[in-house]
Amino acid sequence: MGWSLKLGTIAGTEIRIHMTFVLLLVWIRFTHYQIGGAPAAWEGVAFILSVFVCVVLHEFGHIAAARHFRIKTPDITLLPIGGVARLERNPSQPTEELLVAVAGPLVNIAIAALLFAVIGGVAGLEQLARPQDPQIDFFVRPAGVNIFLVLFNMIPAFPMDGGRVLRAILAWRWSWERATRVAATIGQGRGLRHGCGGFVL
Ligand SMILES: [Zn+2]
């Protein structure tokens, strides 16, 4: 993907960050600085970076599941709207497709469960729904982010994970082509990329 910088390589997968994501960090720092000075600016940047980590871990859920089926992931790119994992090829069986697609959101469910254990399960729905609010507890915010990541990515439309889950389920009954056609009319695209939303908070 053009306009992206290589951050490093983990287990054979290049982690790339798109220039627009760098601009998002600059913008978040600037707007938070206007509101609350340097401490607020760094808190804003730390929050976005925590979202970044959760999205990368989500992508590695897909990567680990794909690797299980001997599919390599040459690179992932982080954009302001989320992460994109480029798989070497599409899973060939509906079950493979299903498992690769759900592995990402499952990582976020695990992170949210861990954070709930840390905060002792005391977080209102109202707090969880506003993870971008700096007034909310430090651990509650990422818990809200991870729940958001699960809900957002399970929207049954391509190229979201939910669209792939839908195609896998349809392909159990129909042919792969028909399942793809139906699932693709709900969303867009049918390529090798796993689009995972995340930063639209
Ligand atoms: Zn995903």
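Residues numbered from 1 in each chain as written. Predicted model: local features only at pLDDT ≥ 70, side-chain atom pairs only at ≥ 80, totals over all residues. Heavy atoms only, no water.

**Student:** Can you walk me through helix α1 (residues 19-68) in this structure?
**Tutor:** One turn of the α-helix equals 3.6 residues, which is why residues spaced by three or four share an orientation. Taking 1.5 Å per residue, 50 residues should reach 74 Å; α1 reaches only 31 Å between its end C-alpha atoms and comes up short. Of all the bends found along α1, the most pronounced is centred on Gly36 and spans about 140 degrees, while Pro39, a proline, follows it within four residues. Remark: Arg70 follows α1 within two positions and exhibits a positive phi of approximately 60 degrees. (Helix = DSSP H or I, 4+ residues; strand = E, 2+ residues; numbered from the N terminus. Expected span 1.5 Å × (residues − 1). Bend = angle between axes of the 7 residues up to and from the residue.)

**Student:** So what exactly am I meant to see when it comes to helix α4 (residues 140-153) here?
**Tutor:** In this model α4 runs 20 Å from its N-terminal to its C-terminal C-alpha over 14 residues, within 8% of the 20 Å that 1.5 Å per residue would give. α4 sits mainly inside the fold: 10 of its 14 residues count as buried. Three or more residues of α4 are buried, namely Val140, Arg141, Pro142, Ala143, Gly144, Val145, Asn146, Leu149, Val150 and Asn153. (Buried < 20%, exposed > 50% of the residue type's maximum accessible area, 1.4 Å probe, protein only.)

**Student:** For this particular structure, what's the right way to read the packing of aromatic side chains?
**Tutor:** Centre-to-centre distance and the angle between the planes together describe a pair of aromatic rings. Throughout the structure, instances matching the rule amount to two aromatic pairs. Centre to centre, the rings of Phe21 and Phe52 are 5.4 Å apart; their planes meet at 40 degrees, and the pair counts as tilted. The two residues Phe21 and Phe52 agree in class, both being buried. With centroids separated by 5.4 Å and ring planes inclined at 15 degrees, the aromatic side chains of Phe148 and Phe152 adopt a geometry described as stacked. One end of the pair is Phe148 and the other is Phe152, both in helix α4 and four residues apart, which spans about a single turn. Classification of Phe148 as partly exposed rests on a relative accessible area of 25%. The exposure class of Phe152 is partly exposed, given its relative accessible area of 25%. Positioned over the ring face of Trp42 is Arg29, at 4.4 Å from the centre of the ring. (Phe/Tyr/Trp six-rings, centres within 6.5 Å; stacked < 30°, edge-to-face > 60°. Lys NZ or Arg CZ within 6 Å of the ring centre and 35° of its normal.)

**Student:** What's the story with the pattern of salt bridges in this structure? I'm lost.
**Tutor:** Side chains that differ in charge, positive against negative, can pair when their charged atoms come close. Using the criterion set out here, one finds five salt bridges in the structure. Arg86 is paired through a salt bridge with Asp75; the nearest N and O atoms lie 2.4 Å apart. One end of the pair, Arg86, is in strand β4 (residues 82-86); the other, Asp75, is in strand β3 (residues 75-79), and 11 residues separate them in sequence. The buried category is assigned to Asp75, whose relative accessible area is 9%. Residue Arg164 pairs with Glu97 through a salt bridge whose shortest N-O separation is 3.4 Å. Separated by 67 residues along the polypeptide, Arg164 in helix α5 (residues 161-173) and Glu97 in helix α2 (residues 94-119) bring together distant segments of the chain. Look at Arg164 and you get buried, because its relative accessible area is 0%. (Salt bridge = Lys/Arg side-chain N within 4 Å of Asp/Glu carboxyl O.)

**Student:** So what exactly am I meant to see when it comes to unusual backbone geometry here?
**Tutor:** Leave glycine aside and you will find that most residues have negative phi; peptide bonds, for their part, are mostly trans. Phi is positive for Ala11, which is not a glycine, with a value near 50 degrees. Its identity as a non-glycine residue notwithstanding, Arg70 has a phi of 60 degrees, on the positive side. Structurally, the position occupied by Arg70 is in the loop between α1 and β3. You can call Arg70 exposed: its relative accessible area is 72%.

Nothing here speaks to function; it is all geometry.
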